[in-house]
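Here's the letter readout for the chains.
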Amino acid sequence: MKDEYDYLVIGGGIVGVATASALLRRYPDSKILLIEKESTLARHQTGHNSGVIHAGVYYAPGSLKARFCKEGVQRTLDFCRQHTIPVDNCGKLLVATNETEMRRMQDLLTRCRENGIEVEMLDQAQLREREPNISGLGALFVRATSIVDYRQVTEHMASDFTASGGKTALNTQVTDITEHGDHIALTCRLSNATSAGSFSVKGCFLVCCGGLMADRLTRMMGLKTDFQIIPYRGEYYRLAARHNQIVRHLIYPIPDPALPFLGVHLTRMIDGSVTVGPNAVQGFKREGYGRFNFSLRDTLDMLSFPGFWQVTGKHLKTGLQEYKDAWWKAGYLERVRKYCPGLTLDDLEPYPAGIRAQAVLKDGTLVHDFLFADSPRSLHVCNAPSPAATSAMPIADYICDKVAEIEQKNEAG
Ligand SMILES: Cc1cc2nc3c(=O)[nH]c(=O)nc-3n(C[C@H](O)[C@H](O)[C@H](O)COP(=O)(O)OP(=O)(O)OC[C@H]3O[C@@H](n4cnc5c(N)ncnc54)[C@H](O)[C@@H]3O)c2cc1C
């Protein structure tokens, strides 16, 4: 039965690929199809991020984020070692530049300890010694933070999946999902240059890891959920190559706990360059990376969602500030000059943006943790926020457990 599978997985980002691989490891005799609408894997969030293997500094103790991240670090490092994927264990400094940040740094120190993360407090002189180009009153040093290229990680996971008998369909966009009593049916549209047209695929169980399209996939099959994906652009610059050695670690500001994102940071990339960013500005096209990209459908969806207005109202001042600095390079520069005063406008060169898939509830709550929805024959990853690239392997195992639970419930019922 050529087009019938035990498991169908939508989404060729790191979460979808890790999930397809984990399902195949758990059920080695099963037929699994991974479906991705783009011509290559990791084209969206997974291929447009900072490349950090996060240690798990910030996350609420006991949250799925904290748990997955802690486990994800070691598993990502092990995976990279096994596949000889380059990793740089450069560590990270969270730099406090004023008294308020010094107090927040103490809270972060406590949180690190609650999360079981090894951390060292540096005073001004120790910071200077470690990072002569960085200024601050003090810093937290997190040794367990590393950098990697998540595209490469995803591609290696996908090769393992295929080598073990899994099947991948690229250029294949799922346009309709229908759940039946004994199977789930997908309508797919081929989007590559050589072939076009629709076809259908059947499976016993579906897992959706659609990132920026997660809400559309739940709606496509009529699931009642309370969230919508709001796209937030994360814009970067790259430092001119003469600054590739400007820092030895990743340099992060101390985040404002009232805000959902980590703040503009200096990130050493695995190719040897250093990026500055990302900021967090409203996007008007979910998968459009150009500054002027606009989608009427995406924008209307957003404007007609009550949660968008609630969240925008709540963070209006910060949102406008983000906007101003996104368009005014000197404003953006000031954010990084706060802790790296030697940089000038000429040092900031263009670099591609990323777009975060942020799940927002109808009442305007920003969902900070992982969020799932299910039906008798499907499981949807509705929110997979940063550090989901770091955490992809434990998330995938958790998904497998949830799938097994749902299947057992189906059998019992
Ligand atoms: C700016 C930025 C910086 C970040 N930095 C870090 C970091 O340093 N470290 C870290 O751990 N995490 C980071 N993250 C978070 C991390 O990148 C994401 O959480 C993770 O990549 C999510 O993976 P995913 O597979 O869920 O989504 P995605 O990578 O977005 O993949 C979803 C896939 O689903 C496909 N798809 C959607 N709809 C359909 C359909 N109908 N049919 C077929 N295919 C479909 C899409 O084409 C896409 O390929 C960052 C994110 C951003 C945006």
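Residues numbered from 1 in each chain as written. Predicted model: local features only at pLDDT ≥ 70, side-chain atom pairs only at ≥ 80, totals over all residues.

*Asks:* Account for the overall build of the protein, with residues named and values stated.
*Replies:* Of the regular secondary structure elements, the protein holds 11 helices and 19 strands. In summary, the protein has a C-alpha radius of gyration of 22 Å against a globular reference of 22 Å for 413 residues, a match within 12%. Across its three principal directions, the C-alpha atoms of the protein cover 65 × 45 × 45 Å. Within the protein, the fraction of its 413 residues that count as buried is 46%. (Helix = DSSP H or I, 4+ residues; strand = E, 2+ residues; numbered from the N terminus. Rg over C-alpha atoms; globule rule 2.2 N^0.38 Å. Buried ≥ 20, exposed ≤ 12 C-beta atoms within 10 Å, placed from the backbone.)

*Asks:* Explain the nonpolar core to me, using residue names and the numbers behind them.
*Replies:* If you look at the biggest cluster of nonpolar residues, it comprises 117 residues, and the most contacted ones within it are L8, V9, A18, I251 and I395. For this core, the leading source of residues is helix α11 (residues 388–412), giving nine residues. The contacts of I251, once residues within four sequence positions are left out, are L93, V95, E131, I134, H265, L266, Y339 and C340. (Core = buried A, V, L, I, M, F, W, Y, C linked by C-beta atoms within 7 Å. Contact = placed C-beta atoms within 7 Å.)

*Asks:* Before we move on, could you go through the pairing of strand β10 (residues 184–190) and cite the residues and values that matter?
*Replies:* For strand β9 (residues 172–179) and β10, the ladder comprises seven bridges, and the chain directions are antiparallel. Within β10, the position partnered with I177 by the bridge is L186. Linking two consecutive strands that pair antiparallel, namely β9 and β10, is a turn of four residues. (Pairing = 2+ DSSP bridges.)

*Asks:* Which residues make up helix α3 (residues 99–114), and what are the values?
*Replies:* In a regular helix each residue adds 1.5 Å, so 16 residues correspond to 22 Å; α3 covers 23 Å between its end C-alpha atoms and thus fits that length. E101, M105, L108 and C112 are the residues of α3 that are buried. The buried residues of α3 occupy an angular sector of 60 degrees when the element is viewed end-on, so they sit on one face. The exposed residues of α3 that point more than 90 degrees off its buried face are E99, T100, R103, D107, T110 and R113. If you follow the buried residues of α3, they end up packed against β4 (92–96), β5 (119–123) and β6 (138–142). (Expected span 1.5 Å × (residues − 1). Arc of directions from axis to C-beta.)

*Asks:* Explain the site of the ligand to me, using residue names and the numbers behind them.
*Replies:* As a matter of local geometry, the ligand sits amid 40 residues, with G13, G211, G234, G354 and A388 nearest to it. Sorting the residues of the shell around the ligand by element identifies α1 (14–26), β9, β17 (348–361) and α11 as the ones contributing at least two each. Looking at the shell around the ligand, its residues break down into 16 nonpolar, 19 polar and five charged. (Near = placed C-beta within 6 Å. Nonpolar A, V, L, I, M, F, W, Y, C, P; charged D, E, K, R; others polar.)

*Asks:* Can you explain helix α10 (residues 329–337)? Please cite residues and give values.
*Replies:* Here α10 has its buried residues at Y332, L333 and V336. Projected down its long axis, α10 shows its buried positions confined to an angular sector of 100 degrees, all on one face.

*Asks:* Run through the pairing of strand β11 (residues 197–208), naming residues and quoting values.
*Replies:* Pairing of strand β1 (residues 4–10) with β11 involves six bridges; the strand directions are parallel. Pairing of Y7 across the sheet is with F205, part of β11. As judged from the three bridges shared by β11 and strand β19 (residues 378–383), these two strands associate in the parallel manner. The residue bridging L206 from the neighbouring strand is S378, located in β19.

*Asks:* Summarise the environment of D107; cite the residues concerned and give the values.
*Replies:* Mapped onto the secondary structure, D107 falls in helix α3. In this structure D107 comes out as exposed when scored by C-beta crowding, with 11 C-beta atoms within 10 Å. Counting along the chain gives 49 residues from D107 to Y58, while the straight-line C-alpha distance between them is 9.9 Å.

*Asks:* Can you break down the packing of α1 against α11 residue by residue, with the values?
*Replies:* Running from amino to carboxyl end, α1 crosses α11 at an angle of 40 degrees, the nearest separation of the two axes being 8 Å. Here α1 is positioned oblique relative to α11, judged by the angle of their axes. In terms of crossing hand, the pair formed by α1 and α11 is right-handed. Contact residues: α1 offers I14, V15, A18, T19, S21, A22, L23 and R26, while α11 offers A388, A389, A392, M393, I395, A396, D397, I399 and C400. Residues that form the contact of α1 with α11 fall into these classes: 13 nonpolar, two polar and two charged. (Axes fitted to C-alpha atoms, helices over the stretch in contact; angles between N-to-C directions. Parallel < 35°, antiparallel > 145°, perpendicular 65-115°, else oblique. Left-handed = near helix turned anticlockwise from the far one by under 90°.)

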